[in-house]
Number of protein chains: 2
Amino acid sequence: MNKSAPIGIFDSGVGGLTVMRKLIQGMPEENIIYFGDTARVPYGNKSKETIIHYTRQIVRFLESQNVKAIVIACNTASAYALDDIRKETEIPIIGVIEPGAYAAAAATRNGKIGIIGTYATIHSGAYESFLSQINPDFEIYKQACPLFVPFVEEGLFEDDLTDQIIARYLTEIKRENIDTLLLGCTHYPLIKTAIERFMGENVICVDPGLNTAEMLRQILTKNNLLNTSFSQEKANYLFYVSDPAARMTEFANQIMPFSIGKIQKINIEEY
Amino acid sequence: MNKSAPIGIFDSGVGGLTVMRKLIQGMPEENIIYFGDTARVPYGNKSKETIIHYTRQIVRFLESQNVKAIVIACNTASAYALDDIRKETEIPIIGVIEPGAYAAAAATRNGKIGIIGTYATIHSGAYESFLSQINPDFEIYKQACPLFVPFVEEGLFEDDLTDQIIARYLTEIKRENIDTLLLGCTHYPLIKTAIERFMGENVICVDPGLNTAEMLRQILTKNNLLNTSFSQEKANYLFYVSDPAARMTEFANQIMPFSIGKIQKINIEEY
């Protein structure tokens, strides 16, 4: 395997760019290919069967681009599809659930952890499963927040209505005296400030993206796949989507620390 | 063509059931096949290219079921795909835009008409185009309301947050002194009461579904396709989706005047 080959990362839409941002910060020498399934976003209300089917197509596409490792940035796809897809894939493939669970476990002091995410992620029980393995005494509280994704996609990061919907979803979980809140969806870091304001200063909001980047680095190191031959000024980043909707570029340029340039559309159903 | 063959009707998701309900009320003797593209919902933020591709696949599926006519219940698909798809199809195929425009034209007294819908429907200009043909003197005001669909899908038909988001989107259009508001998305009839409360009693909210059923009857009559051989106790209704998410059944049973029974999943990408 070529060490200078790119890392593949994908999400149901543009939310995974928050994870890609962490990868770039932690490993600026790595080339990266991003795929956003903008034609079929969101995944969070869909069935396990459909999510596995979509994830399989995307992994095939990324493999066709000769990536050396794959990051499933989407929590829903990580929760429902990672185990099945890993069996079918030769290259290292990681999701955000395991690193997110370890980050939350490291952050909590009182052992009371909240998890928020889409219906599918919450229903899957994936985060609890990892957290219970780390420490069976953790007390876990969870809440699906299905309207957070559309609010973020509308760019309502700081808005009175966003504050109200946060209060609607999180009032109960706040009452449980949790000290750690796992942001179990790639869109949620974009309203982290508003969530933290509601939860209060005693609650740490954990974004799995950071620990995912760290876990990927360990796996690349172990497999002798780190891009040590790096000599360019800036690594190479390529962006692909399944739907060429104009809003993607605008949204991506808000999230990324540089202008993302050209986004290429592919027909994902062919993979 | 067999007169007892079913009518095919589809939507990006479950919203089109509000149109199917009108078809059943107007033509209880007609057999109907419904398809909801639940694996790829929503369409409203997607590109014309993707919407035509998805519509083409669904029309092929419905044709494989030997339908005698097709209703595109989805406003976004009607706005972007009807003209292209009609050229490829032998059987009568209608959308909701033309009947909706005629219904609004018949309802207005002062000639000031508001149109609300998804980004794609509003951006397409399809409603204005028909309205201007009917009467070039109509004054038309339009507004995309992208958060209405997720609110409806969350079942927030009567909710303080729904009232606030309605006020957010419709305050400007209300100021224009319109007397008719076209509900240009199949989800919106489900929050019609809340929209009417905000707009006030001088504004008529037009649901294109009713006139679409009437227009379909005229087309079936003209083509000698009405199901005159009807003798069963109840017509035959079949429901198909592209994703078997459990919430579909629950939602459908809220909308339809009878329990919809079994919903079959098909792989729409194969069509």
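Residues numbered from 1 in each chain as written. Chains lettered and ligands numbered in written order. Predicted model: local features only at pLDDT ≥ 70, side-chain atom pairs only at ≥ 80, totals over all residues.

Student: I tried to follow the overall build of chain A on my own but got confused; where do I start?
Tutor: A count of helical and extended segments in chain A gives 11 helices and 10 strands. Here chain A has a C-alpha radius of gyration of 18 Å; the compact-globule value for 271 residues is 18 Å, and the two agree. With the C-alpha coordinates of chain A rotated into their principal frame, the extents come out at 50 × 40 × 40 Å. Pairs at least 24 apart in sequence give 79% of the contacts found in chain A among residues at least 6 apart. (Helix = DSSP H or I, 4+ residues; strand = E, 2+ residues; numbered from the N terminus. Rg over C-alpha atoms; globule rule 2.2 N^0.38 Å. Contact = placed C-beta atoms within 7 Å.)

Student: Looking at this model, I keep getting lost on the interface of chain A and chain B. Mind explaining?
Tutor: Much of the literature gives interface size as the accessible area that the parts lose upon coming together. The interface of chain A with chain B comprises 19 residues on the first partner and 19 residues on the second. Of all the elements in the fold, those that place two or more residues in the side of chain A that touches chain B are helix 2 (48-64) and helix 8 (160-175) of chain A.

Student: Is there a simple way to think about the sheet that holds strand 10 (residues 263-265) of chain B in this case?
Tutor: By way of backbone hydrogen bonds, the strands of a sheet pair with one another, either parallel or antiparallel. Residue and element names in this part refer to chain B. On the basis of which strands lie adjacent, the open sheet formed by 6 strands has the order 4-3-1-2-9-10 and parallel pairing. Of all strands in the sheet, those bounded by a partner on one side alone are strand 4 (93-94) and strand 10. Two strands pair when backbone bridges link them, and strand 1 (residues 7-11) and strand 3 (residues 69-72) are joined in this way by 4 bridges, in the parallel orientation. Looking at strand 3, one finds that Phe10 is bridged to Ile72. (Pairing = 2+ DSSP bridges.)

Student: I would appreciate a short explanation of the environment of Gly44 of chain B in the present structure.
Tutor: Residue and element names in this part refer to chain B. Of note, Gly44 is situated in the loop between strand 2 (32-36) and helix 2 (48-64). Exposure remark for Gly44: the 24 C-beta atoms within 10 Å place this residue in the buried category. When the C-alpha positions of Gly44 and Ile85 are compared, they lie 18 Å apart, and in sequence the two are 41 residues distant. Not counting chain neighbours up to four residues away, the residues in contact with Gly44 comprise Thr76, Thr118, Tyr119, Ala120, Thr121, Pro146 and Val149. (Buried ≥ 20, exposed ≤ 12 C-beta atoms within 10 Å, placed from the backbone.)

Student: How should I be thinking about the relation of the copies chain A and chain B in this particular structure?
Tutor: In summary, the two copies of the chain are related to each other by a rotation about an axis coupled with a shift along it. When chain A is fitted to chain B, the residual RMSD is 0.0 Å, and the transformation amounts to a turn of 180 degrees plus an axial shift of 0.0 Å. What the superposition gives is, in effect, a two-fold axis relating one chain to the other. Identified as the residue of chain A closest to the rotation axis by C-alpha distance is Arg40 of chain A, at 2.3 Å. Here 100% of the contact residues of chain A are again contact residues in chain B; the copies associate through an equivalent surface. (Least-squares fit on C-alpha atoms with pLDDT ≥ 70 in both.)

Student: Looking at this structure, I do not really get the environment of Pro28 of chain A. What am I missing?
Tutor: Residues and elements named next belong to chain A. Relative to the assigned elements, Pro28 resides in the loop between helix 1 (17-26) and strand 2 (32-36). By C-beta crowding, Pro28 is classed as exposed, having 11 other C-beta atoms within 10 Å. It is 32 Å that separates the C-alpha atoms of Pro28 and Gly114, two residues lying 86 residues apart in sequence.

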